[in-house]
Amino acid sequence: MLPKRTQFFELLEAHSERVLAGANSMLRLINDLGVSAAEVAALIQEVNMNEASADQIKADLLLMLHKSFVTPLNRDQVYELTLDIDRIMNAVQDVAQAVNIYHIGAANAESRELASMAVDACSRLTRAIAALKEKERSEVSVNLCVEIERIEEKSDLVMQRAIKTLFQNEGDEQAALRALALREFYALQEKVLRACKASAQMLEEILIQNA
């Protein structure tokens, strides 16, 4: 049976919703660092479950693309958007796993801010993709994509402030190693936002070409 036109949009939306759920779990995880070890472990598992679910949706979407002679949107663009959304989820999972890898026992204001910005970006992306099937809402979706790009630009300033704070004060070797670990953790958080921006730019390209 050939897939219905709406199934492409439904799977794209479901894919982005799993990523948003994962980003929300990541934010709660970072906010709970130093508060509840049990909750942190549960939230890492929650992120992993969202990643597994997103992977299955991605596989279904790519299979549908492979089987379909005609697609409602440019086939290559749908393929690239699917991979871009997948990169967000993978980046979110990397942040969650890094909590144990780098022994991150507490989160500071910058880390929490970056996580909150990631959720904001993922939320806007989900809303933009949900409107993809409605051509009359294309302007709304484009505006959401632009907002995502601005969030990523603002995150650069947060990242710079975080790195500056890390190396402001001299300390012993243990403190230096701690600073290096946190810098890697921040970089992984920033990667989530860069992946959101890439997805927004691809979606914006799709919207403009199909306006």
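Our subject is the structure that appears above.
Here is a short report on the structure shown in this document. (Residues numbered from 1 in each chain as written. Predicted model: local features only at pLDDT ≥ 70, side-chain atom pairs only at ≥ 80, totals over all residues. Heavy atoms only, no water.)

## Observations regarding the overall build of the chain
The test is simple: By definition, any uninterrupted DSSP run of H or I lasting at least four residues is a helix, any uninterrupted run of E lasting at least two residues is a strand, and each is numbered from the N terminus. We take the radius of gyration over the C-alpha atoms and set the globule estimate at 2.2 Å times the residue count to the 0.38 power. Residues count as neighbours in contact if any of their non-hydrogen atoms are within 4.5 Å of one another. For every accessible area listed, the method is Shrake-Rupley and the probe measures 1.4 Å; residues are considered covered only by the protein chains on display. Charge counting treats Lys and Arg as positive and Asp and Glu as negative, with His and both chain ends excluded. Where a charge sits is defined by one atom per residue type, namely NZ (Lys), CZ (Arg), CG (Asp) or CD (Glu).
Of the regular secondary structure elements, the chain holds six helices and zero strands. For the chain, the N- to C-terminal ordering of α and β elements is α-α-α-α-α-α. Expected size for 211 residues packed as a compact globule is a radius of gyration near 17 Å; at 18 Å, the chain falls within 12% of this value. If you line up the chain on its principal axes, its C-alpha atoms span 65 × 30 × 25 Å. The long-range share in the chain, meaning contacts at least 24 apart out of those at least 6 apart in sequence, stands at 84%. About 10,700 Å² of surface is accessible on the chain, with carbon and sulfur atoms providing 51% of the total. In the chain, 23 side chains carry a positive charge and 32 a negative one; their mean positions are 4 Å apart.

## Things to note about the packing of helix α4 (residues 109-130) against helix α5 (residues 138-166)
Relative placement of two packed helices is described by the angle separating their axes and the distance separating the axes. Selection rule: Axis definition: a line fit to C-alpha positions, over the contact stretch in the case of helices; interaxial angles, taken between N-to-C directions, run 0 to 180 degrees. Here the word oblique covers every angle except those under 35 degrees (roughly parallel), over 145 (roughly antiparallel) and from 65 to 115 (roughly perpendicular). All amino acids are sorted into three groups, where Ala, Val, Leu, Ile, Met, Phe, Trp, Tyr, Cys and Pro are nonpolar, Asp, Glu, Lys and Arg are charged, and the leftover types, Gly among them, are polar.
Two elements in contact, α4 and α5, have axes separated by 9 Å at closest approach and are oriented at 170°. By the angle between their directions, the pair α4 and α5 is classed as roughly antiparallel. Taken together, the residues of α5 that come into contact with α4 (itself represented by Glu110, Glu113, Leu114, Met117, Asp120, Ala121, Arg124, Leu125, Arg127 and Ala128) are Ser141, Leu144, Cys145, Glu147, Ile148, Ile151, Lys154, Ser155, Val158, Arg161, Ala162 and Thr165. For the contact of α4 with α5, the class distribution of residues is eleven nonpolar, three polar and eight charged.

## A few points about the packing of helix α2 (residues 37-67) against helix α3 (residues 75-101)
Our working rule: By convention the crossing between two helices is left-handed if the near helix lies anticlockwise of the far one by an angle smaller than a right angle, and right-handed if it lies clockwise.
Running from amino to carboxyl end, α2 crosses α3 at an angle of 165°, the nearest separation of the two axes being 10 Å. One way to sum up the angle between α2 and α3 is to call them roughly antiparallel. Helix-helix and strand crossings are classified by hand; for α2 and α3 the assignment is left-handed. Within the contact of α2 with α3, the residues separate by chemical class into 13 nonpolar, seven polar and five charged.

## With respect to the pattern of salt bridges
Spelled out, the test is: Only one rule defines a salt bridge in this text: a Lys or Arg side-chain nitrogen within 4 Å of an Asp or Glu carboxyl oxygen. With a 1.4 Å probe rolled over the protein chains alone, any residue whose accessible area is under 20% of its type maximum counts as buried; one over 50% counts as exposed, and the rest are partly exposed.
Inspection of the entire model under this criterion finds ten salt bridges. Here Arg28 and Glu46 are joined by a salt bridge, their closest N and O atoms 2.7 Å apart. Taken together, the positions of Arg28 in helix α1 (residues 5-32) and Glu46 in helix α2 put the pair 18 residues apart, joining distant regions of the chain. With relative accessibility at 28%, the residue Glu46 sits in the partly exposed group. Close ionic contact of Glu113 with Arg161 constitutes a salt bridge, the shortest N to O distance being 2.7 Å. Of this pair, Glu113 sits in helix α4 while Arg161 sits in helix α5, and the two are 48 residues apart along the sequence. With a relative accessible area of 37%, Arg161 lands in the partly exposed category. Through salt bridges with shared partners, a single ionic network connects Asp55, Lys58 and Asp86.

## Here's the deal with a nonpolar patch on the surface
As a reminder, the rule being used: A patch is a set of surface residues, each over 30% in relative accessible area and not in a salt bridge, joined within 9 Å for like charges and within 5 Å for the nonpolar side chains Val, Leu, Ile, Met, Phe, Trp and Tyr.
Together, Phe167, Leu177 and Leu180 line one region of the surface with nonpolar side chains, adding up to about 270 Å² of accessible area. Tracing the sequence through the fold places Phe167 in the loop between α5 and α6 (173-209). Residue Phe167 is classed as partly exposed on the basis of its relative accessible area of 41%.

Bear in mind that shape data such as this cannot, by itself, settle questions of function.
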